[in-house]
Amino acid sequence: MMTFRRYLRGSGRVLAFVFVASVIWLLLDIAVLRLSFSEFNLQLLKERVIREKELLKQQAKITQNRDFRSPVLRMDSAVIPEEDKGAVSSDITRIYRQGGRRHKEQNSNLQENHSNKTVSLVAPAKKPVDLLENDAPLLENITVKNNSIAESSIVTQDTVDGRKDAEIKPMKTAQHVKDESKQHQDTKEEPPVKRTHTPGTKTLVFKEENHTKMLSQSYQNSTVSRKAGVHKVLSLDVTGAPRDPTAIGQFGQAAVVPSDNEAEVKKRWDEGYFNVYLSDQIPVDRAIPDTRPDICARHLVHDDLPSTSVIFCFVDEVWSTLLRSVHSVLNRSPPHLLKEIILVDDFSTKDYLKDQLDKYMSQFPKVRIIRLKERQGLIRARLAGAAVAKGEVLTFLDSHVECNVGWLEPLLEQVYLDRRKVSCPVIDVISDQDMSYKMVDNFQRGIFKWPLVFGWSTLSSKYIKKNNMTEADPIRCPVMAGGLFSIDRQYFYELGAYDPGLDVWGGENMEISFKIWMCGGEIKIIPCSRVGHIFRGQNPYKFPKDRQKTVERNLARVAEVWLDEYKELFYGHGYHHLLDKSVIDVGNLTEQIELRNRLKCKSFKWYLDNVYPEMVTPLLKAKGLVYNRGLRKCLSLKKDSLSFEMCDLLNQSQQFNYTWLKHIRQQDLCVAPQVKYHSLVIESCDRANPGQRWLHKSSNSELPDHFVLEFSPNHVCLEAVHRSEKLRLAPCVAKSAYQKWKFTDYFSQ
Ligand code: UD2
Ligand code: MN
């Protein structure tokens, strides 16, 4: 105590004062600093809220102005927040994905980054990737054109995979891809995960945990904007850094077979009806070009999208294509959305699809294999897959596909926004010849022609203009191709799933499409979701029964349940024989008809008028008065007998229809030949009776104005007898005016 007092004397007192004063000063300083920090934070918070509000307002405005039916929010003209700009193209994989569309500025960025050995590529601030014009001449402008399907041309059943016939534009030349991949390699800071690969067989390529880790990491690391419950579509792609960039077919390039191996190609062709030899040499996890419209990578989707079960059905699928299909899903789907992959083996006969497949897939905990005990066909196989699926959404895929970057979220987004929306990816083409991955034309939708033949048709420019459509907008699709789509699981069952009476292959795409549209749902093709598919010239597997009969029977079931009075058009376009019960047994339809009634589905006419109005579908071929050239009088039906009268448009007994079933008909009475074909009778129409069918105005007939009895050993025609003014059957004479007839109105040839 004494010592302490000594210090407070003289100069010590001054020192103590200075010390106490500085402590007080320090404390005051800290307090002021704290205050200004919290004010600063508050300010920051305020700014963020304002900016978010602004952004939301802008998005709402765009959505309103353009009346987007597309639920995916767009940011094209909205302000991209500063911190998000880099994310537009932060992944270097975008370089090769741009195809020939790289921007000069991007190029210079690339070089800079290359020299600095950094991975990220910063896109130009305002116009990130829209640079087609600059590099367009670099693109080899090849248009691969097979037998093009135009809206006006009728496609045959065998071209059900009509996409084979669509115009296909390759993304870029093989050289481009190579160069770009080289740049990619050089600039990548970390080398791609090393993996070994022996084509074809046992090689365990890499573990799913690794995938999931990689994908999740890039998900977390990505500069995804997480605002108001939405984020930018995730461009996750493990193959962004392919483990073997020089591999054959890498980056979706065309692969060339040396001429001395052509025999081998031929030998193995029938295993899948595509170039199996080549496929087996291409990595099962190859990279492919991003074929989405540029804007897609900037679309926003919801954070809480539903999870999906991906279902692949297969029968005797080629090993390498099956694996490539599965890997493409594992590699390019956000793990949190991929509940599982279900492989349904529809009683395959190939050995490699048994233990070897089990073993291979056992590395991937998400993959489950279901084996059917007998051949069920793809329709019932899909039902078996759906029955065990746990995901909220079912995503069906063929077993020879490659899902592209960002394929899944836009499909799920549709279902998220409305569970009655069924979404299909754009089906890109994997060439059956050289296995190259090709982008298809924009604005294509699935349609049908009579007799229920699927085909592709490009939207007219008028339609595109009228609806103010961009190439990324979902496209209303009257009929889906069948193989690739996402549907809410519960909704699938509410719709009665597929008609389980459909066998093996074919027609189920018509059934589900009509059902969806007519019972309150909708089908959209989503241009921002791309999946490549190998379209094959033939089915590589056997049909348990005759192929044609199987497909015809399936279609007849669909027609009977869904087409109402329009089923006459189906039968009338070459399927008359299906009306004969002894030719085909369509099976029991009671349940399907009850389902349609229970769901209170709309009529087929409603579907045509509202979903596919471009389809011209007159219910009759011709109608009105039936005028005979020789007599110059009209046919009349009174008290079940036919006669001639002066033509009178107002006279109901002179009104007849000429139908798709080739009936000359009034109400439900039809003109028919009397036994032995000499005279005529009026009898109840019977659609299965070939004797009531008359050829008239057939395009390839030499007797277009005649009524030629279709089923008679010789050409027999309907003739007016000059004197008695009666009707009879007579051998056809091309020039006879008494055998020439004309209806008032014709609707179709
Ligand atoms: C198209 C569809 C296909 C299906 C079919 C009509 C696309 C891309 N493809 O024909 O999904 O809708 O039209 O029915 O839209 N499969 C079996 N069991 C069988 C037969 C086939 O599991 O008995 C599998 C087959 O291995 C394949 C899938 O079903 O994975 C579709 O068969 P496809 O590829 O022969 O049909 P595709 O593409 O010619
Ligand atoms: Mn297929």
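These notes cover the structure that comes with them. (Residues numbered from 1 in each chain as written. Chains lettered and ligands numbered in written order. Predicted model: local features only at pLDDT ≥ 70, side-chain atom pairs only at ≥ 80, totals over all residues. Heavy atoms only, no water.)

Okay, the site of ligand 1 next. The environment of ligand 1 is made up of 22 residues, and the closest members are Asp-346, Ser-399, Gly-506, Glu-508 and Tyr-541. At a separation of 2.8 Å, an oxygen atom of ligand 1 approaches a polar backbone atom of Cys-313. Against a free-state accessible area of 730 Å², the protein chains account for coverage of 97% of ligand 1. For the shell around ligand 1, the elements supplying multiple residues, two or more each, are strand 4 (308-314) and helix 13 (377-388). Of all the elements, helix 13 adds the most residues to the shell around ligand 1, at 3 residues. Looking at the shell around ligand 1 residue by residue, the classes come out as 8 nonpolar, 8 polar and 6 charged. (Near = heavy atom within 4 Å. Polar contact = N/O pair within 3.5 Å; in protein donor to acceptor, adjacent residues only side chain to side chain. Areas by Shrake-Rupley, 256 points an atom, 1.4 Å probe, with all protein chains shown as cover. Helix = DSSP H or I, 4+ residues; strand = E, 2+ residues; numbered from the N terminus. Nonpolar A, V, L, I, M, F, W, Y, C, P; charged D, E, K, R; others polar.)

On to unusual backbone geometry, then. The step from Trp-450 to Pro-451 runs through a cis peptide bond, and the omega angle for that step is 5 degrees. Notably, Phe-347 is not glycine yet its phi reads approximately 60 degrees, a positive angle. Here Phe-347 shows up in the loop between strand 5 (338-345) and helix 12 (355-361).

As enumerated under the stated definition, the model contains 8 cavities of 30 Å³ or more in all. Computed from the structure, the largest cavity encloses a volume of approximately 100 Å³. Considering the residues around the largest cavity, the lining is formed by 15 residues, among which Val-426, Asp-441, Phe-443, Gln-444 and Ile-525 are closest to the centre. Elements supplying a minimum of two residues to the lining of the largest cavity: strand 9 (421-430) and strand 15 (522-534). Across the lining of the largest cavity, the residue classes tally to 9 nonpolar, 2 polar and 4 charged. (1 Å grid on protein atoms, 1.4 Å probe; cavity = no way out; pocket = protein on both sides within 12 Å on 5 of 7 lines; lining within 4 Å. Points joined across faces, edges and corners; volume = space filled by probe spheres on them.)

Another point: the pairing of strand 9. The element strand 9 is extensively covered by neighbouring structure, given that 10 of its 10 residues are classed as buried. Sheet analysis places strand 9 next to strand 15, joined by 10 bridges and oriented parallel. Note that in strand 15 the partner of Lys-421 across the bridge is Glu-522. Note that strand 9 and strand 10 (residues 437-440) share 2 bridges and pair antiparallel. When the bridges of strand 10 are listed, Val-429 appears paired with Lys-438. Hairpin connection of strand 9 to strand 10: 6 residues between the antiparallel strands, including Met-435 at a positive phi of 65 degrees. (Buried < 20%, exposed > 50% of the residue type's maximum accessible area, 1.4 Å probe, protein only. Pairing = 2+ DSSP bridges.)

Just distances and angles here, no functional claims.
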